[in-house]
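# A look at the structure
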Amino acid sequence: MATTTLAPPRPPLISWLAVASITLGIFAIVTSEILPIGLLTTIGADFRVTDGTAGLTMTLPGFVAAVAAPVLTVATARLDRRVMLCVLMAVLAAADVLAAVAGAYWVVLASRVLVGLTIGGFWSIAAGLASRLVPPAAVGTATAVIFSAVPLGSVLGVPAGTFIGHLAGWRTAFLVLAALSVLVLVALLRVLPPLPARQVTGARVLLDLLRVRGTGIALLGTFLVVLAHFGTYTYVTPFLEHVTRLPPAAVSAVLLAYGAAGIAGNFLAGRMVATAPRLAFAVCGGLIAAATALLPLAGTSPAGAVVLLVVWGLAYGGVPVCSQTWFLRAAPGAPEAATVVFTSSFQATFALGALLGGTVVDAFSVSAAMVAGGLVALVMAGSFSWLTRPRRAA
């Protein structure tokens, strides 16, 4: 029988630099995935496609990531995690360069497929590595640092990328992201220790998890709220430009306010979900419903749009932590499998929301997409509250 040899302790600074490199990697991935939100109209105009068609840049990565998360996790279960993370970061750099030099829209879409592969593989692997990088007492803090990359992608990455795109062209924004990905790759190679596979997540574990009632409830809640969010937020830039009539620089500022609210929402939900997970998730859905449904009415003025976007950001900032908490509660003995299911379901619905939202935008209007998303989020809040209500004893 093989024996396990424990690696010698690493200096604390190196351990935290490893955590930081993973955090920066997820930041680059999140920013690459959602950057088109801020540049949607610019990309569409460059290739002479509609806003709805340009929304495919958001749809494709999500669908690919949904498949890549379980497939790559199972297929590479016995490979060193350090090697996998480095390979995936190199793929992300190549994807962003390909988007920047694309001469046709289909080339941009091809680059987005590569982004999807990176999302599915990197996130599923990296999300659970904190316990292997820092001492047990610091695992909670390290995990929080890693997860902070998600809202930071919204609060810093997208507004900064949008600003660069409007200042120097959308292609330059993708080149900057490619450079960041290369820097992250170098950091991963320098500070990550060897990470041989420990827990092998097979297809059977994933299938068994899907049969658990709690997983079904988590899937339904995640499906509805993410569908509502990305069916609307993907097209928030066209709304702010065409309905609120904000100039590009003001759009970047509003997205920055949204992202800042998202960070606050992430920490608030993190506190609330520990004691009232049912209420936390339902409140997030209810606030998203209110913000998106009211946007066509109150969002015609800059002040109204800013207030609603801040409420929206506050609510959505809590969605990932609430969703993953419910998946982990459904499978306390298989956290890696729960993370894979969370990632796959989240990304699949992300893509579907962007696709359906684009269909509504092209067929009706961007305001109609906002109202439709609000109704879906309202259904999420109501159905989740009902399904998770305490059961009465017989």
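Sequence order sets the numbering: in each chain, residues are counted from 1 along the sequence as written. Reporting in this predicted model follows two pLDDT cut-offs: at least 70 for local features of residues, and 80 or more for side-chain atom pairs to be given and counted; totals over whole chains, interfaces and linings ignore these cut-offs and use all residues. Note: side-chain values were computed over all heavy atoms of the structure, leaving out hydrogens and water.

## Here's the deal with the overall build of the protein
Secondary structure elements are taken from DSSP: a helix is a run of H or I of four residues or more, a strand is a run of E of two residues or more, and numbering for both begins at the N terminus. Secondary structure summary: the protein contains 19 helices and 0 strands in total. Computed over C-alpha atoms, the radius of gyration of the protein comes to 20 Å, within 12% of the 21 Å expected from 2.2 N^0.38 for 394 residues, which places it in the range of a compact globule. Overall, the protein is about 65 × 65 × 35 Å in size when its C-alpha atoms are taken along their principal axes. Using a 1.4 Å probe on the protein chains alone, a residue whose accessible area is under 20% of its type maximum counts as buried, one over 50% counts as exposed, and one in between counts as partly exposed. Looking at the protein as a whole, 53% of its 394 residues qualify as buried. Contacts are assigned to residue pairs that have any heavy atoms within 4.5 Å of one another. Across the protein, the fraction of contacts at a sequence separation of at least 24, relative to all contacts at a separation of at least 6, is 86%. Every accessible area reported is derived by Shrake-Rupley at a probe size of 1.4 Å, with residue values counting cover from the shown protein chains alone. Accessible area for the protein stands at about 16200 Å²; split by element, carbon and sulfur atoms hold 73% of it. Atoms considered for the radius of gyration are the C-alpha atoms alone. The globule rule reads 2.2 Å times the number of residues to the power 0.38.

## Quick notes on helix 4 (residues 56-75)
With 20 residues, helix 4 extends 28 Å between its outermost C-alpha atoms, agreeing within 8% with the 28 Å of an ideal straight helix rising 1.5 Å per residue. Burial in helix 4 covers these residues: Thr-57, Met-58, Thr-59, Pro-61, Gly-62, Val-64, Ala-65, Ala-66, Ala-68, Ala-69 and Thr-73. By this rule, a helix spans an expected 1.5 Å times one less than how many residues it contains.

## Remarks on unusual backbone geometry
In this structure, Arg-48 is a non-glycine residue whose phi angle is positive, near 55°. Residue position: Arg-48 is located in the loop between helix 2 (36-47) and helix 3 (51-54). Positive phi is not limited to glycine here, since Arg-245 has a value of about 65°. With respect to the element layout, Arg-245 can be found in the loop between helix 13 (236-242) and helix 14 (248-275).

## A short note on the side chain of Thr-23
Position of Thr-23 relative to the elements: it lies in helix 1 (residues 12-34). Beyond its immediate chain neighbours, meaning those up to four positions away, Thr-23 contacts Val-145, Ile-146, Ser-148 and Ala-149.

## Things to note about the confidence of the model for the protein
Averaged over all residues, the pLDDT of the protein equals 83, while 91% of them reach at least 70. Across residues 1-8, where pLDDT falls below 50, the model places 0 contacts with residues more than four positions away in sequence or in other chains. Values of pLDDT, ranging from 0 to 100, describe the predictor's confidence in every residue of the model.

## Describing the packing of helix 14 against helix 17 (residues 319-330)
Helix axes are fitted to C-alpha atoms over the stretch in contact, other axes to C-alpha atoms as well, and angles between N-to-C directions run from 0 to 180 degrees. Where helix 14 meets helix 17, the axes come as close as 8 Å, and the angle between the chain directions of the two elements is 30°. Relative to helix 17, helix 14 is oriented roughly parallel. Across from Asn-266, Ala-269, Gly-270 and Val-273 in helix 14, the residues of helix 17 making contact are Val-321, Cys-322 and Thr-325. The nonpolar class holds Ala, Val, Leu, Ile, Met, Phe, Trp, Tyr, Cys and Pro. Asp, Glu, Lys and Arg form the charged class, and all remaining residues, Gly among them, are polar. Among the residues making up the contact of helix 14 with helix 17, the classes are represented as 4 nonpolar, 3 polar and no charged. Angles below 35 degrees are treated as roughly parallel, those above 145 as roughly antiparallel, those between 65 and 115 as roughly perpendicular, and all remaining angles as oblique.

## Some thoughts on the pattern of salt bridges
We define a salt bridge as a contact between a side-chain nitrogen of Lys or Arg and a carboxyl oxygen of Asp or Glu at a distance within 4 Å. A full pass over the atoms with the stated rule returns 1 salt bridge. A salt bridge links Arg-171 to Asp-46, with the shortest nitrogen-to-oxygen separation between them at 3.5 Å. With Arg-171 in helix 10 (residues 170-191) and Asp-46 in helix 2, the pair connects residues that are 125 residues apart, well separated along the chain. Overall, Arg-171 belongs to the partly exposed group, its relative accessible area being 26%.

## Points about the nonpolar core
Side-chain atoms within 4.5 Å are what join buried Ala, Val, Leu, Ile, Met, Phe, Trp, Tyr and Cys residues into a set we call a nonpolar core. In this structure, Ile-22, Phe-122 and Trp-312 are the most contacted members of the largest nonpolar core, which totals 111 residues. The element best represented in this core is helix 6 (residues 105-126), accounting for 10 residues. Apart from residues no more than four positions distant in its own chain, Trp-312 is found in contact with His-229, Thr-232, Tyr-233, Val-236, Tyr-258, Ile-288, Ala-291, Thr-292, Leu-295 and Met-370.

## Focus on the environment of Leu-183
Here Leu-183 lies in helix 10. Each C-alpha atom of the pair Leu-183 and Leu-268 lies 32 Å from the other, and the pair is 85 residues apart in sequence.

## Considerations on the packing of aromatic side chains
The pairing test for Phe, Tyr and Trp rings, Trp by its six-membered ring, is centres within 6.5 Å, and the orientation test on the planes gives stacked under 30 degrees, edge-to-face over 60, and tilted for anything in between. By the definition in use, this model includes 8 aromatic pairs. Taking the centre distance of 4.5 Å and the plane angle of 20° together, the rings of Tyr-233 and Tyr-258 count as stacked. On the criterion of sequence distance, the pair formed by Tyr-233 in helix 12 (residues 213-233) and Tyr-258 in helix 14 is long-range, its members being 25 residues apart. By the ring-pair criterion, three or more aromatic residues cluster together here, those being Phe-47, Tyr-105, Trp-170 and Phe-174.

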